[in-house]
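Chain residues, written in single-letter form:
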Amino acid sequence: MSTTPPTAPARIVVVGGVAGGMSAAARARRLDEHAEIVVLEQSDYVSFANCGLPYHLSGEIAEREALLLHTPASLAAALALDVRTGTRVTAVDPAARTVTVLTADGPDTLSYDALLLAPGAVAVRPPIDGLDHPSVHALRTVPDLDALDARVAALTRDAGSTPSTAVVVGAGFIGLEAVEALVARGLQVHLVELADHVLPPLDAELAPLVADELAAHGAHLHVGTSARSITARDDDGGVTVTLSDGSDVPADVVVVNVGVRPASDLARDAGLDLGPTGAIRVDADQRTSDPHIWAVGDAVEVTRAVTGALGPVPLAGPANRQGRRAADSMLGRRTTPQAAVLGTAIVRVFGLTAAMTGPGQADLRRAGMAHEVVRIHPGHHAGYFPGAEQVHLVATFAPDGRLLGAQGVGRDGVDKRIDVLATALRAGMTADDLAELELAYAPPYGSAKDPVNMLGFVAQNVLDGTMPQWHPDELDAVLAQTLVLDVRSRAEYDRGHLEGALNIPHTELRARLDEVRDAAGGRPVSVHCASGVRSHIATRVLLAAGLDARNLSGGWLTLTAVHPRLTRA
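Residues numbered from 1 in each chain as written. Predicted model: local features only at pLDDT ≥ 70, side-chain atom pairs only at ≥ 80, totals over all residues. Heavy atoms only, no water.

Observations concerning unusual backbone geometry
Item 1. Residues other than glycine seldom take positive phi values, yet Ala-80 does so here, at roughly 55°.
Item 2. Looking at the secondary structure, you find Ala-80 in the loop between α3 (72–79) and β5 (82–85).
Item 3. Among the residues examined, Ala-80 registers a relative accessible area of 44% and is labelled partly exposed.
Item 4. For Phe-350, which is not a glycine, the phi torsion comes out positive at approximately 55°. (Helix = DSSP H or I, 4+ residues; strand = E, 2+ residues; numbered from the N terminus. Buried < 20%, exposed > 50% of the residue type's maximum accessible area, 1.4 Å probe, protein only.)

This is the structure we're talking about:
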């Protein structure tokens, strides 16, 4: 791709608004007061908070106007931008440097010196018969929100003693936010997800926590299941959703959000290079294969951090930064080249928060990358201070100690830890670095050993051999080939345990080592407690006594999340 910046453009044309396009237009104006900047947006809304749509649907954001960040008039007044809504770009001619547009007045042609493509993404249409029924909705744009809100308002206004029913297809970020919003509006909600757990980017061992939270708020989950068809019911406007398991779910409204794909048709037709996923290929300054055309946002190809995988990442943060970078590049300024994208993301599910940064365990396995997994379940602040909530954190490390990725679920403190870990990941930090981070501490806010420090401490022990581990996915082999030693209290053991496990509370272990040695009969000892803390102490005692011992990563909490049907006493 060309790396020679053009001379300062007299006319910059931006195709598409919202995050990437408007960031580029605004930055370009702040850098160049004299350039003509034209923004072409096919919808009626050039700058709106699409991430806030579910929260207006729920009523948490009370005023719809709060979502409309700017209008053509406000952008003209503040930034002297020529914003044209209701204007669809139908073609780009790179040789002539023109775009063809279609408005209510008909087609027209507009020339450019520099062109920015920010077309975003389009919703994937799954192979479901009946998607065009009026009761089927998406939740991506303001018109989507208006239509869905009107339908829900009609249902709740006319509801009798039995609540109306919604089916949400797709348990990704938007799907989960839609479930929360619809429950808040008084609907009974069924959630359908083709993957084997909700929120597929989340590690499978953390997803049950999210599923439990959904179920606790009345959501009915159908995982490992797809919607096959949507058929009309009599004359009441409702439908029947038929699932792949053969069941039928009556619904008054259906919300379908199963993912997006890059809206790259315009770029493809203009002869620009696309990646294998169909996203627009750009260099580190957002320039496409044409030296006068840049691209940003959900439609562009990025490199994922750690694994190096290529593809789009439809997140607002990267899109905004890409827009700023593209404007700098257009105007010949020093840029901050696009770094590999971490994919840091977060979602609220009723009272729970789930967040992640970097690749998950499944991503690392697909990439064939060796890694160790560390799991901890600390409090989000000092345990002696009222209100401490458990934070479930999972982090992966390379054999040399480099942090590869992290995820967390909990009721408080998750966002703080994932943001710290995202920063650490960007900086290339190791387990040793995490262990030595100096983070703000007072009892209402954290612990002297912050959960991030604890991840570092545990990873150090694992990586240097101080704490040999076994993992939940090794359970069958562990039961068949080792002695399972449960070092929880008798009361904990009685509430549920592995069949055949020997129960010796960790405080009694030193006095009962012969009992363990006899029960093991030369076999390795697989130790566990509730979270991995007491069993770490027990494992060190056993190792010091000459026994071959390993500690269960994440303890019983993680084991039962991965194997929910474990034998219980």
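A look at the confidence of the model for the chain
Item 1. Scored by pLDDT, the chain has a mean of 95; 98% of the residues are at 70 or more.
Item 2. pLDDT under 50 marks residues 2–6. Its contacts with residues more than four places away, or in other chains, come to 12 contacts. (pLDDT = per-residue confidence, 0-100. Contact = heavy atoms within 4.5 Å.)

Thoughts on the packing of helix α10 (residues 414–426) against helix α12 (residues 451–463)
Item 1. Packing of α10 against α12 leaves a shortest axis separation of 9 Å and a crossing angle of 55°. Viewed along their axes, α10 and α12 adopt a mutual orientation that is oblique. The residues of α12 that touch α10, namely those facing Arg-417, Val-420 and Leu-421, are Pro-451, Val-452 and Leu-455.
Item 2. Taken together, the residues that form the contact of α10 with α12 break down as five nonpolar, no polar and one charged. (Axes fitted to C-alpha atoms, helices over the stretch in contact; angles between N-to-C directions. Parallel < 35°, antiparallel > 145°, perpendicular 65-115°, else oblique. Nonpolar A, V, L, I, M, F, W, Y, C, P; charged D, E, K, R; others polar.)

A short note on the side chain of Thr-335
Item 1. Relative to the elements of secondary structure, Thr-335 occurs in the loop between α8 (316–330) and β23 (345–349).
Item 2. In this structure Thr-335 comes out as buried when scored by relative accessible area, which is 14%.
Item 3. Ignoring sequence-local partners within four residues, the contact set of Thr-335 consists of Asp-285, Arg-325, Asp-328 and Ser-329.

Some remarks on the sheet that holds strand β16 (residues 239–243)
Item 1. Strand order across the open sheet formed by three strands is β15-β16-β17, with antiparallel pairing between neighbours. Unpaired on one side and paired on the other, β15 (227–232) and β17 (248–251) mark the two borders of the sheet. Averaged over neighbouring strand pairs, the angle between their axes works out to 25° when direction is ignored.
Item 2. Sheet topology note: the β15/β16 ladder contains five bridges and is antiparallel. When the bridges of β16 are listed, Thr-231 appears paired with Thr-240. (Pairing = 2+ DSSP bridges.)

Here's the deal with α12
Item 1. With 13 residues, α12 ought to run about 18 Å at 1.5 Å a step, and its terminal C-alpha atoms sit 18 Å apart, in line with that.
Item 2. For α12, the set of buried residues is Pro-451, Val-452, Asn-453, Leu-455, Gly-456, Val-458, Ala-459 and Val-462.
Item 3. Looking at the buried side of α12, the elements it contacts are β25 (372–376), β26 (391–397), α10, α11 (431–435) and β28 (469–470). (Expected span 1.5 Å × (residues − 1).)

A few points about the nonpolar core
Item 1. In terms of nonpolar packing, the biggest core is built from 42 residues, with Leu-182, Leu-202, Val-210 and Leu-214 touching the most fellow members.
Item 2. Not counting residues within four places of it along the chain, the set of residues in contact with Leu-182 comprises Leu-57, Val-152, Ala-166, Val-168, Leu-187, Val-189 and Val-255. (Core = buried A, V, L, I, M, F, W, Y, C linked by side-chain atoms within 4.5 Å.)

So, the pattern of salt bridges
Item 1. Applying the stated rule across the entire model yields 25 salt bridges.
Item 2. One salt bridge connects Arg-268 with Asp-269, and the closest N-O pair in it is separated by 3.2 Å.
Item 3. Through salt bridges with shared partners, a single ionic network connects Glu-60, Glu-180 and Arg-348. (Salt bridge = Lys/Arg side-chain N within 4 Å of Asp/Glu carboxyl O.)

Comments concerning the pairing of β25
Along a regular strand, successive side chains alternate from one face of the sheet to the other.
Item 1. Of all five residues in β25, four are buried; the element is thus mostly enclosed.
Item 2. Sheet analysis places β25 next to β26, joined by five bridges and oriented antiparallel. By the bridge assignment for β26, Val-373 is matched with Thr-396.

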